[in-house]
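# Fold and contact review
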Amino acid sequence: MALLPILCYPDPRLHTVAQPVQAVDARIRGLVADMFETMYDAHGIGLAATQVDVHERIVVIDVSEERDQPLVLINPEIVWASPQTQLGDEGCLSVPGIYDGVERSVAVRVRALDAQGQEQTLEAEGLLAVCIQHEMDHLRGKVFVEYLSPLKQGRIKTKMVKRQREARA
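Structural notes, computed from the coordinates. Quick caveat, the model's predicted, so the values are computed rather than measured.

### Remarks on unusual backbone geometry
Between Y9 and the following residue, P10, the backbone shows a cis peptide bond with an omega angle of 10°. Tracing the backbone shows P10 in the segment before α1 (26–41). Here R67, not a glycine, exhibits a phi torsion of approximately 60°, which is positive. Along the polypeptide, R67 turns up in the loop between β2 (58–61) and β3 (71–81). With a relative accessible area of 28%, R67 lands in the partly exposed category. Unusually for a residue other than glycine, N75 sits at a positive phi of about 55°. Mapped onto the elements of the fold, N75 is located in strand β3.

### Overview of the side chain of E90
Take E90: it is sitting in strand β4 (residues 85–92). You can call E90 buried: its relative accessible area is 5%. A polar side-chain atom of E90 sits 2.7 Å from a polar atom in the side chain of R104. Within polar-contact distance, the side chain of E90 engages the side chain of H134 at 2.7 Å.

### Considering the sheet that holds strand β7 (residues 119–125)
An order of β1-β2-β3-β6-β7 is seen for the five strands of this open sheet, with the pairing classed as antiparallel. Whereas interior strands pair on both sides, the edge strands pair on one side only; in this sheet they are β1 (46–48) and β7. On average, adjacent strands in this sheet sit at an angle of 40° to one another, irrespective of strand direction. Pairing geometry for β1 and β2, over three bridges, is antiparallel. Directly across from L47, in β2, lies its bridge partner V60. The strands touched by α1 within the sheet are β1, β2 and β3, with β2 carrying the most contacts at an inclination of about 40°.

The rules behind these values
- Residues numbered from 1 in each chain as written.
- Predicted model: local features only at pLDDT ≥ 70, side-chain atom pairs only at ≥ 80, totals over all residues.
- Heavy atoms only, no water.
- Helix = DSSP H or I, 4+ residues; strand = E, 2+ residues; numbered from the N terminus.
- Buried < 20%, exposed > 50% of the residue type's maximum accessible area, 1.4 Å probe, protein only.
- Polar contact = N/O pair within 3.5 Å; in protein donor to acceptor, adjacent residues only side chain to side chain.
- Pairing = 2+ DSSP bridges.
- Axes fitted to C-alpha atoms, helices over the stretch in contact; angles between N-to-C directions.
- Contact = heavy atoms within 4.5 Å.

Here it is as structure tokens:
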């Protein structure tokens, strides 16, 4: 297993639309393991392959306090989303230290393959539903800050570019 570098906003690679996984094989299972290690090391609750510069439809999630309920979603698709929405603060490993309100469905049903390539359907609500929607946005090349006003987007982009410049200096 290995820690993978996480792309930081406004890296243009974060806007790449992920392609479907053709086969759940040893390479994919190894990538999933590396993604979990990377997510746990960064103290995140979700990570999309897009964020580690792999443009395949893979998401790993663990919203448990104990960090012992790993969830793998390969080629996920939301087959139902509740019409009821809720505004909640979101953050992102690709936009460290930035949190802001995003409107999301309070519940979703998602169909995906697991790490063994078996199809599963999952009903989620609350934090898990939000995390699924957030990570699936990454697979479509969308970062949560794009839900914010143009003014906030500009401020966040400026702040992130400045941080990256200072980190390289």
